[in-house]
Amino acid sequence: MEDSNIIPRSPAPVELSKVVDFLNKNLRLNVAWPISKEYPTAVSSANLHNMSIITDESADKILSHALLRPFICKTPHAIFKIGAIGSVVTDPSARHQGLSTKNLENCIAKANEQECDFIILWSDQHEFYRKFGFELAGFEHSFQISQTPPIVNKDFKFMKSTRIDPAAILKLYNQHTVNSVRTVDEVHQYLNIPNANVFTMWTPQNQLVAYAVEGKGIDLQNYIHEWGGSVPDVLDLLSYIIQSEKKPYTFMCPHHSTNLKNRLSLMSDFSNIGFLGLIKINNFERLALKIKKMFLAEGYDQIILEKKNGEIIFGHKTDLYTLKNEADFVKLVFGPTSIKELGFVANDTAQVLEKVLPLPLWVWGWDSV
Ligand SMILES: CC(C)(COP(=O)(O)OP(=O)(O)OC[C@H]1O[C@@H](n2cnc3c(N)ncnc32)[C@H](O)[C@@H]1OP(=O)(O)O)[C@@H](O)C(=O)NCCC(=O)NCCS
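Residues numbered from 1 in each chain as written. Predicted model: local features only at pLDDT ≥ 70, side-chain atom pairs only at ≥ 80, totals over all residues. Heavy atoms only, no water.

### Focus on the overall build of the chain
At step 1: Secondary structure assignment for the chain yields twelve helices and 17 strands.
At step 2: Against the globule reference of 21 Å for 369 residues, the chain gives a C-alpha radius of gyration of 22 Å, in line with a compact fold.
At step 3: Taken over the C-alpha atoms alone, the chain extends approximately 65 × 60 × 35 Å along its principal axes.
At step 4: Of all intrachain contacts in the chain linking residues separated by at least 6 positions in sequence, the fraction that spans at least 24 positions is 69%.
At step 5: Here the chain has roughly 16,800 Å² of accessible surface; of this, 50% comes from carbon and sulfur atoms.
At step 6: Each charge class in the chain was averaged separately, 37 positive and 40 negative side chains, and the resulting centres sit 3 Å apart. (Helix = DSSP H or I, 4+ residues; strand = E, 2+ residues; numbered from the N terminus. Rg over C-alpha atoms; globule rule 2.2 N^0.38 Å. Contact = heavy atoms within 4.5 Å. Areas by Shrake-Rupley, 256 points an atom, 1.4 Å probe, with all protein chains shown as cover. Lys, Arg positive; Asp, Glu negative; His and termini not counted. Charge placed at Lys NZ, Arg CZ, Asp CG, Glu CD.)

### Re unusual backbone geometry
At step 1: For the bond from Gly 335 to Pro 336, the omega torsion is 10 degrees, close enough to zero to count as cis.
At step 2: Its location among the elements puts Pro 336 in the loop between α10 (326-334) and α11 (339-342).
At step 3: Despite not being glycine, Asn 195 has its phi angle at roughly 60 degrees, a positive value.
At step 4: One non-glycine residue, Asn 309, lies in the positive phi region at around 50 degrees.

### Some words on the pattern of salt bridges
Pairing is possible between side chains that carry opposite charge, provided their charged atoms lie close to one another.
At step 1: In the structure shown here, the tally under the stated rule is 19 salt bridges.
At step 2: Put simply, Arg 9 and Glu 15 hold a salt bridge, and the shortest N to O gap is 2.8 Å.
At step 3: Owing to a relative accessible area of 30%, Arg 9 belongs among the partly exposed residues under this scheme.
At step 4: Overall, Glu 15 belongs to the buried group, its relative accessible area being 10%. (Salt bridge = Lys/Arg side-chain N within 4 Å of Asp/Glu carboxyl O. Buried < 20%, exposed > 50% of the residue type's maximum accessible area, 1.4 Å probe, protein only.)

### A few points about the site of the ligand
At step 1: Taken together, 13 residues sit near the ligand, with Thr 90, Gly 98, Ser 100, Thr 101 and Lys 131 positioned nearest.
At step 2: His 96 places a polar main-chain atom, nitrogen or oxygen, 2.8 Å from an oxygen atom of the ligand.
At step 3: Burial of the ligand by the protein amounts to 63% of the accessible area it has alone, namely 940 Å².
At step 4: One can see that the ligand is located within the largest pocket.
At step 5: Elements with a minimum of two residues in the shell around the ligand: β3 (79-90) and α3 (99-113).
At step 6: Its residues assigned to classes, the shell around the ligand comprises four nonpolar, seven polar and two charged. (Near = heavy atom within 4 Å. Polar contact = N/O pair within 3.5 Å; in protein donor to acceptor, adjacent residues only side chain to side chain. 1 Å grid on protein atoms, 1.4 Å probe; cavity = no way out; pocket = protein on both sides within 12 Å on 5 of 7 lines; lining within 4 Å. Sits in = over half its atoms within 2 Å of the grid points. Nonpolar A, V, L, I, M, F, W, Y, C, P; charged D, E, K, R; others polar.)

### Description of the nonpolar core
At step 1: Core analysis: the largest hydrophobic core is formed by 98 residues, its most contacted members being Trp 227, Phe 251, Leu 264, Ile 291, Phe 334, Leu 359 and Trp 366.
At step 2: Counting residues per element, this core draws most heavily on helix α7 (residues 231-245), at seven residues.
At step 3: Formed by 15 residues, the second largest nonpolar core is a distinct cluster that contains Leu 68, Leu 104, Tyr 129 and Leu 136. (Core = buried A, V, L, I, M, F, W, Y, C linked by side-chain atoms within 4.5 Å.)

### Examining the domain arrangement of the chain
At step 1: Assigned domains within the chain: domain 1 (3-116), domain 2 (140-274) and domain 3 (282-353).
At step 2: Relative to domain 3, the C-alpha centre of domain 1 lies at a distance of 33 Å.
At step 3: The interface of domain 1 with domain 3 comprises eleven residues on the first partner and eight residues on the second.
At step 4: Both faces considered, domain 1 and domain 3 share a buried interface measuring about 740 Å² in area, 50% of it formed by carbon and sulfur atoms.
At step 5: Among the residues domain 1 hides against domain 3, the three largest losses belong to His 77, Phe 80 and Cys 116. Together they make up 56% of the total.
At step 6: At the boundary of domain 1 with domain 3, the tally comes to zero salt bridges.
At step 7: Where domain 1 touches domain 3, the interface holds seven residue pairs in polar contact (both at pLDDT 80 or more). (Domains from an automatic or database assignment. Buried area = accessible area lost by both parts, 1.4 Å probe.)

### Describing helix α1 (residues 16-27)
Given 3.6 residues to a turn, an α-helix orients residues that are three or four positions apart in the same direction.
At step 1: The end-to-end C-alpha separation of α1 is 16 Å, in line with the 16 Å expected for twelve residues at 1.5 Å each.
At step 2: Buried residues along α1 sit against α2 (35-38), β1 (51-55), β2 (62-74) and β3. (Expected span 1.5 Å × (residues − 1).)

Below, the structure written as structure tokens:
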């Protein structure tokens, strides 16, 4: 296929089922459910404008696909618009012709149009995505737990069922300091994702106080990737899960969940600090403005953060530093690099910058695509 003939486009509504078939054939062979059930808010008619396909010359056969799923993430001092990219795949017969490159460029352009601050994706093809400016960044803490202390709230009730009021789940979810904006209907769809278990904990008066979700389609089996509730209640629920299911689970949580991390590390067989995903800054100026506002909320009004001739200049007052590479900057903004680890930032300035960086961020299991 000639490069100029490769024109990515959004599927028409009548093509959605064909897209689902293409994705199932290439990414979900031998599973009993359509991939749209796994990603109900991404592979859906409501998100068609953010899907990008390339077909053969007859326009009949889909050769390649990628999608963008934008969402809003609330953190204590800033609201971010994040674009998640997923289901990037090319038919084996059409690989190495630049098709995924075109679809990715199209998704990145869509993220730009929709004013996403940054883009995140999950893949083990790091080198492929580095060419587009993605870098492994952010944190994902995981703890393998096989033994838990006895349940503290003995008169509370526990349940393993997806038949729960989505509004009650959403209420607990919204108590996280970092969360994405979800509707009750979206939570309802997430609760119906196949091959997942939802565990809940209730007061004797039938009030939901904690939930935990294991599995998500073909992914995250034996991983608790979604949860909500106070730390003691979530730990009680975890004790119930381990005791009733009689197998170890890996609990995933964000960097900023300090109390929970401390408690989990005391009971875990082993733990790991991984990356949140491959992240690309989409609009440097807009993100820099948001970061400076976060510093302002902490009382610092003289933070410098700008891009000049491709280099990033940052610092406090007149104490300025340069990073030549945006990838290094991504790791500084989202972690895991700490300001002190850079080795060249003066102590006073490092102390100020660490008030806000790394940004607290977590893209919860149900939001990943
Ligand atoms: C990874 C994947 C999506 C790439 O799709 P693709 O359409 O082959 O991608 P491209 O053609 O744009 O680029 C692939 C490679 O071909 C090279 N390439 C692009 N155009 C080329 C051309 N005309 N001639 C030769 N090579 C070319 C690219 O530089 C790239 O090189 P790299 O692998 O060394 O980075 C595809 O291999 C795939 O579907 N894999 C299985 C699913 C998967 O793993 N998806 C990722 C998880 S979401």
